[in-house]
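Observations on chain architecture
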Amino acid sequence: MNTTVDLRSDTVTQPTAAMREAMMGAPLGDDVFGDDPSVQALQERIAAITGKEAALFMPSGTQSNLCAMLSHCERGEEYIVGQNAHTYRYEGGGAAVLGSIQPQPLAQNASGQMQLADIAAAIKPDDPHFARTRLLCLENTWNGHPMPADYLDGATALAREHGLSVHLDGARVFNAAVAAGGDPYAAVRGIVDRFDSVSVCFSKGLGAPVGSALCGSQDLIRRALRWRKMLGGGLRQSGLLAAAAHHALDHHVRRLADDHALAQRLAQGLAGIDGLSVRSAQTNIVFVDVAGGHGPGLLGHLARDGVLATGLIGLRFVTHLGVDAAGIDRAIASTRAFFAQGCAAPAARADGTAVY
Ligand SMILES: *Cc1c(COP(=O)(O)O)cnc(C)c1O
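Only a predicted model underlies this, so the values are computations on that prediction, with no experimental measurement involved. (Residues numbered from 1 in each chain as written. Predicted model: local features only at pLDDT ≥ 70, side-chain atom pairs only at ≥ 80, totals over all residues. Heavy atoms only, no water.)

1. Regarding the site of the ligand
Formally: We define proximity as follows: a residue is near a molecule or strand when any one of its heavy atoms falls within 4 Å of that partner. Residues adjacent in sequence count toward polar contacts only when both atoms are side-chain atoms; beyond that, a polar contact is any pair of N or O atoms within 3.5 Å, and within protein one must be able to donate a hydrogen and the other to accept it. A run of DSSP states H or I qualifies as a helix once it reaches four residues; a run of E qualifies as a strand once it reaches two. Both are numbered from the N-terminal end. Classification used: nonpolar for Ala, Val, Leu, Ile, Met, Phe, Trp, Tyr, Cys and Pro, charged for Asp, Glu, Lys and Arg, polar for all others including Gly.
Around the ligand, the surrounding shell holds twelve residues, and the nearest of these are G61, T62, E139, D169 and K204. One of the backbone N or O atoms of G61 is found 2.8 Å from an oxygen atom in the ligand. Contacts to the ligand include K204, whose side-chain N or O atom sits 2.6 Å from an oxygen atom. Looking at which element gives the most residues to the shell around the ligand, the answer is helix α3 (residues 61-72), with three residues. When grouped by side-chain class, the residues that make up the shell around the ligand number two nonpolar, five polar and five charged.

And the structure:
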């Protein structure tokens with residue numbers, strides 16, 4: 001009954017029994033020699049799903065995005081990116097540190113979109129005063145927001161007009177695809193068709209313990225392979241991990257709709273409570289603004305009731321395959337009780353560190 005309802009992130013999922021079984025049965029080789037059949041098969045499969053020539057299995061989404069930026073851009077070039085995009089704000093400045101690639105961050109609206117006029121204005125003329133603008137990075141979903149097709153069309157077309165490449169941080173692109181309705185594999189393909197490269201995470205809502213993939217042209221993936229090796233991302237019997245991703249693609253794509261339904265259930269349950277307002281819940285992430293500085297108090301109260309979330313003023317709740325309706329209802333009841341009791345902060349401090 002009192003198991004933890006962990007809504008900090010969809011990265012907290014544990015591999016299911018069936019996934020563990022698939023991992024244990026996977027044929028293995030040595031992927032640095034290029035002969036791990038499970039990794040090979042996964043790379044071919046995700047390349048086919050995304051409609052790209054090739055793919056590379058990566059230990060993390062951060063390394064996947066970094067390899068993409070290093071493969072698209074030379075030293076002294078720059079990428080245009082949202083001020084709150086993962087590839088700018090949450091990856092330790094890796095492109096700048098390791099690639100001498102300059103980010104050009106731009107403001108985003110509440111749905112994560114940059115103004116096309118801002119993008120156009122940020123593209124530098126060919127002049128030795130400026131870093132050479134080389135790449136546009138977008139993210140889908142961004143903070144749980146699926147990007148509208150016309151925005152993706154407009155931004156990528158603008159980038160191409162100016163000779164830029166376009167990369168999609170699609171850590172949660174399967175959530176965007178499922179939210180679009182219809183066949184999610186076709187929807188993923190439709191979203192990423194506009195991009196030269198896409199990074200997808202298996203370790204978020206898809207529920208694998210480890211792994212992402214970078215997908216793109218043969219040429220790009222060859223360059224990324226070299227960078228991955230330099231970054232220490234060349235893994236050996238990684239078929240064990242690729243098998244988990246395979247299993248996720250077989251069994252955990254359509255069920256993302258369940259996570260989205262649970263996020264709706266949470267958003268609706270919280271919507272009526274005085275003292276907080278639900279900002280958005282379009283896929284599997286619910287943001288809630290808490291009035292009166294009661295965010296940390298609420299987090300602590302929830303934690304004492306075995307419900308974990310992150311944030312400070314805006315709290316973040318993420319649904320995933322390790323949560324069910326009863327858990328969501330517990331989160332709602334605990335929140336309701338906190339406000340009903342006059343927002344008394346618990347003695348124990350919440351461990352509310354952000355996990356992205
Ligand atoms: C999680 C995430 C990544 C990659 O994160 P890792 O923890 O390195 O796998 C990249 N972009 C976005 C938008 C993410 O949510």
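So, next bit.
2. A short note on the sheet that holds strand β9 (residues 276-280)
Put simply, the rule is: One requirement defines pairing of two strands: DSSP has to find at least two bridges between them. Every residue pair with non-hydrogen atoms within 4.5 Å of one another is taken to be in contact. Axis lines are fitted to C-alpha atoms, over the contacting stretch for helices. Their N-to-C directions set the angle, which ranges from 0 to 180 degrees.
Taken in spatial order, the four strands line up as β9-β10-β13-β12 in an open sheet, and their pairing is antiparallel. If you trace the sheet from one side to the other, it starts and ends with β9 and β12 (310-311), each paired once. Here β9 runs beside strand β10 (residues 285-290); their pairing, made up of four bridges, is antiparallel. Opposite S280, over in β10, you have F287 as the bridge partner. Packing of helix α13 (residues 295-304) onto the sheet brings it into contact with β9, β10, β12 and β13 (314-318), and relative to β13 it is tilted by some 30°.

3. Brief notes about the pattern of salt bridges
Two side chains of opposite charge can pair, provided their charged atoms sit close to one another. The condition is simple: A pairing counts as a salt bridge when a side-chain nitrogen of Lys or Arg comes within 4 Å of a carboxyl oxygen of Asp or Glu. Throughout, exposure labels follow a simple rule: accessible area from a 1.4 Å probe, protein chains only, divided by the maximum for the residue type, with under 20% read as buried, over 50% as exposed, and the rest as partly exposed.
Tallied over the entire structure, the rule returns 17 salt bridges. R189 serves as the salt-bridge partner of D193, at 3.1 Å between the closest nitrogen and oxygen. Given the relative accessible area of 37%, R189 is considered partly exposed. In this structure, the salt-bridge partner of D219 is R223, at a minimum N-O distance of 2.9 Å. One end of the pair is D219 and the other is R223, both in helix α10 (residues 218-230) and four residues apart, which spans about a single turn.

4. Looking at unusual backbone geometry
Of note, the amide linkage connecting N140 to T141 takes the cis form, showing an omega dihedral of 0°. Positive phi, normally seen in glycine, also occurs at S100, with a value near 50°. With relative accessibility at 34%, the residue S100 sits in the partly exposed group. We note that N143 has phi near 45°; this positive angle belongs to a residue other than glycine. Structurally, the position occupied by N143 is in the loop between β5 (132-139) and α7 (149-161). Residue classification places N143 among the partly exposed residues on the basis of a relative accessible area of 26%.

5. As for the domain arrangement of the protein
Short version of the rule: Domain start and stop positions are those given by an automatic or database domain assignment. Accessible-area loss on putting two parts together, using a 1.4 Å probe and summing over both, is the definition of buried area adopted here.
What the domain assignment reports for the protein is domain 1 (15-251) and domain 2 (255-340). Each of domain 1 and domain 2 has a C-alpha centre, and the two are 29 Å apart. With 14 residues of domain 1 in contact, the opposing surface of domain 2 contributes 13 residues. A combined buried area of about 1,200 Å² lies between domain 1 and domain 2, and 60% of that area is made up of carbon and sulfur atoms. Counting every contact that joins domain 1 to domain 2 gives zero salt bridges. Along the contact surface separating domain 1 from domain 2 lie three residue pairs in polar contact (both at pLDDT 80 or more). Looking at the side of domain 1 that touches domain 2, the element that brings in the most residues is helix α8 (residues 173-180), giving four residues. Residues belonging to the side of domain 1 that touches domain 2 are distributed by class as follows: five nonpolar, eight polar and one charged.

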